[in-house]
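# Understanding the architecture of this molecule
The residues making up each chain are set out below.
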Amino acid sequence: MRIGEHKILIVAGEESGDLYGAELLRRVREIQPRLTFYGIGGRRMRAAGLECLYPAEPLSVVGLPGLEELRRLREAWNRLQDFLQEFRPRLAVLIDFPGFNLRLSNLCRRLGIPVFYYIAPQVWAWHRRRLRTLRRNVDLLVVVLPFEEAFFREAGIQTVFLGHPLVDLVRPALSRETFCEIVGLSPYHPLLALCPGSRRQEVERLLPVFLAAYEILKRDHPRLQGVVVKAPGLEDSPLWEMVPRELKTLSGYQYEALRYAEAALVASGTITLEAALLETPMVAAYRLSRPAYLLARLLVKVPYITLPNLILGERVVPELIQDQVQPENLAQALRPYLFETRIREETRRQLARVKQLLGGPGASWRVAEQLVQFYHSISPPEPPPT
């Protein structure tokens, strides 16, 4: 592999990071086509032009990694370490994925490679000790939540808030009528969207409970319809065979399913922000292995676990955690959104405030411009043409 002078390392190890990274790559290449990115990313980043050193899909883990996950993480680390030591790219762009990327930032600092960190680790929630690593290793931190800029600046970290890329990305491509026709739904009966997560472990823990909650609601309301959203990048497994034939399993149309559903039952994560941007009332569920949950209870220092509630500063989205994640509890929390118009519309109005607080459209463009500007600020001046 030959590496020229305009090469940048970029690393995103999760589904949401792959989404934001792909948008960033496309925008940067439009502003500065000569820059080339090597590193770790998913299918979207690879399609956007990433020269992939290791795929992101095997690295996504919920809770504590097992032996196989640890083996893959070590393999990816070794590949990046060899790349950095041999080729010394001009800049490292690290997107979220803090367990891996913060350690990588240490290596970059030792090698003298500046770090541009995009999507901040949620140290305001837990792992406050990571602030020291960010302060020591990160040259510029770009955050996507409005309350983060002041928090990180007060900790002595150079930080900018440029908006959230999801404001541009979260929008259905089809009308309600077209979506219902394609999927085989009635536009006149209530619809529940089931979104059990973007990682295999999440789906294993949540999908059976979500399906049982749907069955309870369906028994009481026979005209209820449901769709199960299979997140991009999830591999096929026998688990999906649990889904009853009457439920539609969708590998696409996620934003249509959320926008046109009366309510959604979702795994806590980025999907809660996507649903909020579509103004979809939801119930969020969060379930970990017992050791991971006990550890999280000791470390987490925020009043809410979902991004819409954190952004709004109040509990608009019901949050069911660990042992609360039972079919009866989920069904009970969903009923008002599905079958009481007044409550559903009031919740939609509350969720509409999330988009207002996240800044206007164009965040990925602004981040790309910031990245190119930062790249030029750390690059030596080019010699005049001869």
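Everything numeric in this text was worked out from a predicted model, so none of it was measured.

### What about the overall build of the chain?
A count of helical and extended segments in the chain gives 16 helices and 13 strands. Its C-alpha radius of gyration of 22 Å places the chain within 12% of the 21 Å reference for a compact globule of 386 residues. In the chain, buried positions account for 56% of the 386 residues. Accessible surface, the chain: about 17100 Å² in total, of which carbon and sulfur atoms supply 49%. Each charge class in the chain can be summarised by its mean position, and for the 50 positive and 42 negative side chains these summaries are 4 Å apart.

### Looking at the pattern of salt bridges
Applying the stated criterion to the full structure yields 19 salt bridges. For Glu 68, the salt bridge identified is with Arg 71, shortest N-O distance 2.6 Å. With Glu 68 and Arg 71 both in helix H3 (residues 67–87), this residue pair falls 3 residues apart, about one helical turn. With a relative accessible area of 43%, Arg 71 lands in the partly exposed category.

### Side note on the packing of aromatic side chains
Evaluation of the coordinates by the stated rule reveals 9 aromatic pairs. Between Phe 179 and Tyr 260, the aromatic rings sit 6.1 Å apart at their centres with planes inclined by 40 degrees, giving tilted as the arrangement. Of this pair, Phe 179 sits in helix H8 (residues 176–183) while Tyr 260 sits in helix H10 (residues 254–260); the two residues are 81 residues apart in sequence, bridging distant segments of the chain. Each member of the pair, Phe 179 as well as Tyr 260, is classed as buried. Among the aromatic residues, those joined into a ring-pair cluster are Tyr 38, Phe 83 and Phe 87. Between the NZ or CZ atom of Arg 103 and the centre of the ring of Trp 77, over which it lies, the distance is 4.0 Å.

### A short note on the side chain of Thr 133
Position of Thr 133 relative to the elements: it lies in helix H5 (residues 130–137). Aside from chain neighbours lying at most four places away, what touches Thr 133 is Leu 102, Ser 105, Asn 106 and Val 138.

### A look at unusual backbone geometry
Even without being a glycine, Arg 88 presents a positive backbone phi close to 45 degrees. The topology assignment puts Arg 88 in the loop between H3 and strand E4 (91–95). One non-glycine residue, Ile 119, lies in positive phi territory at about 75 degrees. Assignment of secondary structure puts Ile 119 in the loop between strand E5 (115–118) and H5. When its relative accessible area of 8% is taken as the criterion, Ile 119 is described as buried.

### Quick notes on the sheet that holds strand E8 (residues 191–195)
Within the open sheet, the 6 strands sit side by side as E10-E9-E8-E11-E12-E13. Their pairing is parallel. Two strands bound the open sheet, and with one partner strand each, they are strand E10 (248–250) and strand E13 (319–321). Across the sheet, the mean angle from the axis of one strand to that of its neighbour is 20 degrees, orientation sign disregarded. Across 4 bridges, the pairing between E8 and strand E9 (residues 225–229) is parallel. Bridge pairing in E9 places Leu 192 opposite Gly 226.

### Let's talk about the environment of Ala 267
Position of Ala 267 relative to the elements: it lies in strand E11 (residues 263–267). Separated by 201 residues in the primary sequence, Ala 267 and Gly 66 have C-alpha atoms spaced 21 Å apart. When near neighbours in sequence (up to four residues on either side) are disregarded, Ala 267 contacts Cys 195, Pro 196, Gly 197, Glu 202, Leu 206, Phe 210, Thr 272 and Ala 285.

### Structural notes on the sheet that holds strand E7 (residues 159–161)
Ordered in space as E3-E2-E1-E4-E5-E6-E7, the 7 strands form an open sheet in which the pairing is parallel. This sheet does not close on itself; its edge strands, each paired only once, are strand E3 (51–55) and E7. Neighbour-to-neighbour, the strand axes of the sheet open up by a mean angle of 15 degrees, direction not taken into account. Pairing between strand E6 (residues 140–143) and E7: 3 bridges, direction parallel. Bridge pairing links Val 143 to Phe 161 in E7.

### Things to note about helix H4 (residues 98–111)
In this model, H4 (14 residues) spans 19 Å end to end at C-alpha, consistent with the 20 Å of a helix rising 1.5 Å per residue. By the criterion of burial, H4 is predominantly enclosed, with 10 of the 14 residues buried. What H4 keeps buried is the set Pro 98, Phe 100, Asn 101, Leu 102, Leu 104, Ser 105, Asn 106, Leu 107, Cys 108 and Leu 111. In this fold, the buried residues of H4 make contact with strand E1 (7–12), strand E2 (36–41), H3, E4, E5 and H5. Backbone geometry just downstream of H4 places Gly 112 in the positive-phi region, at approximately 75 degrees.

The rules behind the values
- Residues numbered from 1 in each chain as written.
- Predicted model: local features only at pLDDT ≥ 70, side-chain atom pairs only at ≥ 80, totals over all residues.
- Heavy atoms only, no water.
- Helix = DSSP H or I, 4+ residues; strand = E, 2+ residues; numbered from the N terminus.
- Rg over C-alpha atoms; globule rule 2.2 N^0.38 Å.
- Buried < 20%, exposed > 50% of the residue type's maximum accessible area, 1.4 Å probe, protein only.
- Areas by Shrake-Rupley, 256 points an atom, 1.4 Å probe, with all protein chains shown as cover.
- Lys, Arg positive; Asp, Glu negative; His and termini not counted.
- Charge placed at Lys NZ, Arg CZ, Asp CG, Glu CD.
- Salt bridge = Lys/Arg side-chain N within 4 Å of Asp/Glu carboxyl O.
- Phe/Tyr/Trp six-rings, centres within 6.5 Å; stacked < 30°, edge-to-face > 60°.
- Lys NZ or Arg CZ within 6 Å of the ring centre and 35° of its normal.
- Contact = heavy atoms within 4.5 Å.
- Pairing = 2+ DSSP bridges.
- Axes fitted to C-alpha atoms, helices over the stretch in contact; angles between N-to-C directions.
- Expected span 1.5 Å × (residues − 1).

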